[in-house]
Amino acid sequence: MEKVYYYTGSGHSRAVAEYIAEGLGRHTEDITVGEHEAEDGAVTVVVFPVYCENMPDAVAGFLGTVKTGSAAVAAVYGGISPGNVLFEAQSILKRPLIAAAAVFAGHSFLSEGNSFDRETLDGFVGKIKKPAPVAVPPMRRSFYADFAPGWRSRVGLKIVKNDGCTECGKCEENCPVGAIFCGTPSNGCIRCLRCVSTCPANALSFECRPFLRRYLERKKKEKSFLYI
Ligand SMILES: Cc1cc2nc3c(=O)[nH]c(=O)nc-3n(C[C@H](O)[C@H](O)[C@H](O)COP(=O)(O)O)c2cc1C
Ligand code: SF4
Ligand code: SF4
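Thresholds applied
- Residues numbered from 1 in each chain as written.
- Chains lettered and ligands numbered in written order.
- Predicted model: local features only at pLDDT ≥ 70, side-chain atom pairs only at ≥ 80, totals over all residues.
- Pairing = 2+ DSSP bridges.
- Helix = DSSP H or I, 4+ residues; strand = E, 2+ residues; numbered from the N terminus.
- Axes fitted to C-alpha atoms, helices over the stretch in contact; angles between N-to-C directions.
- Contact = placed C-beta atoms within 7 Å.
- Near = placed C-beta within 6 Å.
- Nonpolar A, V, L, I, M, F, W, Y, C, P; charged D, E, K, R; others polar.
- Domains from an automatic or database assignment.
- Expected span 1.5 Å × (residues − 1).
- Buried ≥ 20, exposed ≤ 12 C-beta atoms within 10 Å, placed from the backbone.
- Arc of directions from axis to C-beta.
- Parallel < 35°, antiparallel > 145°, perpendicular 65-115°, else oblique.
- Left-handed = near helix turned anticlockwise from the far one by under 90°.

Novice: So what's going on with the sheet that holds strand β10 (residues 225-227)? Residues and values would help.
Specialist: Sheet strands pair by backbone hydrogen bonding; their relative direction is either parallel or antiparallel. Overall, mixed pairing links the six strands, which are arranged β2-β1-β3-β4-β5-β10 in an open sheet. The sheet is open, and its two edges are formed by β2 (27-30) and β10, each paired on a single side. For this sheet, the mean angle separating the axes of adjacent strands, direction not counted, is 15 degrees. In this sheet, strand β3 (residues 43-49) lies alongside strand β1 (residues 3-6) in parallel orientation, the contact comprising three bridges. If you follow Tyr5 over to β3, its bridge partner there is Val46. Where helix α4 (residues 118-129) meets the sheet, its contacts fall on β3, β4 (70-77), β5 (97-104) and β10, and the angle it forms with β5 comes to roughly 170 degrees.

This is the structure we're talking about:
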């Protein structure tokens, strides 16, 4: 059976992928950690979060492995800006794109839950059921999108470990960029928050600095983009 592939830090993209998978009668596969390749299929569906107006590197690599049929991509973003990720995904794919959506969902830095725009996703699912190529136009991208995104996230957000850490090593297994040891992130951390959301002992939490929180709350809009 064809799958819906997803990458996720704090779980929003997984929830979106599960919603799409249910609409299509498919299973999901998590591609966040490790090497993954798209299986052959008629329409490869990939769901991923927007980080600093970029797609995660692993997602760009995965899109390059789609070798058959066509593709549909859903970028999950926190209502600030999806940047130009849909156009970039279209450029990486060597196959036709049949549906693309930038779907606003909760912003992980604001501790918002798994709410997402179902109406846009219903249109996305409907197009996958009746596929035909679509062209995504370039979208506006911030001048600062490529300016040390990981560093900017680290400055704005602190990860805190409490006494409950059992040194189980799960956070090391779950980190997509190999940037944590026993609950202590290193300088390679991109602040995706996957370690926080998957720690079995709930030993990790995060603090969003007030300047970043104020900025995000001021900029947040509930707008999705759908190309079908
Ligand atoms: C490191 C990081 C950077 C982010 N950058 C953006 C951004 O540039 N624009 C935006 O609208 N949301 C941004 N967000 C919010 C996420 O796109 C949003 O919370 C998404 O739902 C996260 O999906 P996930 O839980 O699957 O990781 C960022 C979140 C993180 C963790
Ligand atoms: S997953 Fe949690 S409990 Fe396990 S080592 Fe990491 S922080 Fe500690
Ligand atoms: S250490 Fe950083 S990059 Fe790794 S899972 Fe945790 S937040 Fe993500």
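Novice: Help me get a handle on the site of ligand 1, residues and values and all.
Specialist: Close to ligand 1 lie 27 residues; Gly9, His12, Ser13, Pro49 and Gly78 are nearest. Counting only elements with at least two residues in the shell around ligand 1, the list comes to α1 (12-24) and β4. Here the shell around ligand 1 is composed, by residue class, of 12 nonpolar, 13 polar and two charged. When residues of the shell around ligand 1 are assigned to domains, at least three map to each of domain 1 (3-141 + 220-227) and domain 2 (149-209).

Novice: Could you give an account of the domain arrangement of the protein chain, naming the residues involved and the relevant values?
Specialist: Along its sequence, the protein chain is carved into domain 1 (3-141 + 220-227) and domain 2 (149-209). A straight line from the C-alpha centre of domain 1 to that of domain 2 covers 24 Å. Per-class residue counts for the side of domain 1 that touches domain 2 are seven nonpolar, six polar and no charged.

Novice: Describe α4, and please don't skip the residues or the numbers.
Specialist: In an α-helix there are 3.6 residues to a turn, and that puts residues three or four apart on one side. A rise of 1.5 Å per residue sets the reference length of α4, with its 12 residues, at 16 Å; its end C-alpha atoms lie 17 Å apart and thus fit the reference within 8%. Those residues of α4 not exposed but buried are Leu121, Phe124, Val125, Lys127 and Ile128. For α4, the angular spread of buried residues about the axis comes to 160 degrees, placing them on one side. Seen from the open side of α4, the exposed residues pointing more than 90 degrees away from its buried face are Glu119, Gly126 and Lys129.

Novice: Which residues make up the packing of α1 against α4, and what values do they have?
Specialist: Two numbers describe how α1 lies on α4: the axes approach to 10 Å, and their chain directions differ by 45 degrees. Comparing the axis directions of α1 and α4 gives the class oblique. As for how α1 packs across α4, the hand of that crossing is right-handed. Residues Val16, Tyr19, Ile20, Gly23 and Leu24 of α1 pack against Arg118, Leu121, Phe124, Val125 and Ile128 of α4. Grouping the amino acids of the contact of α1 with α4 by side-chain chemistry returns eight nonpolar, one polar and one charged.

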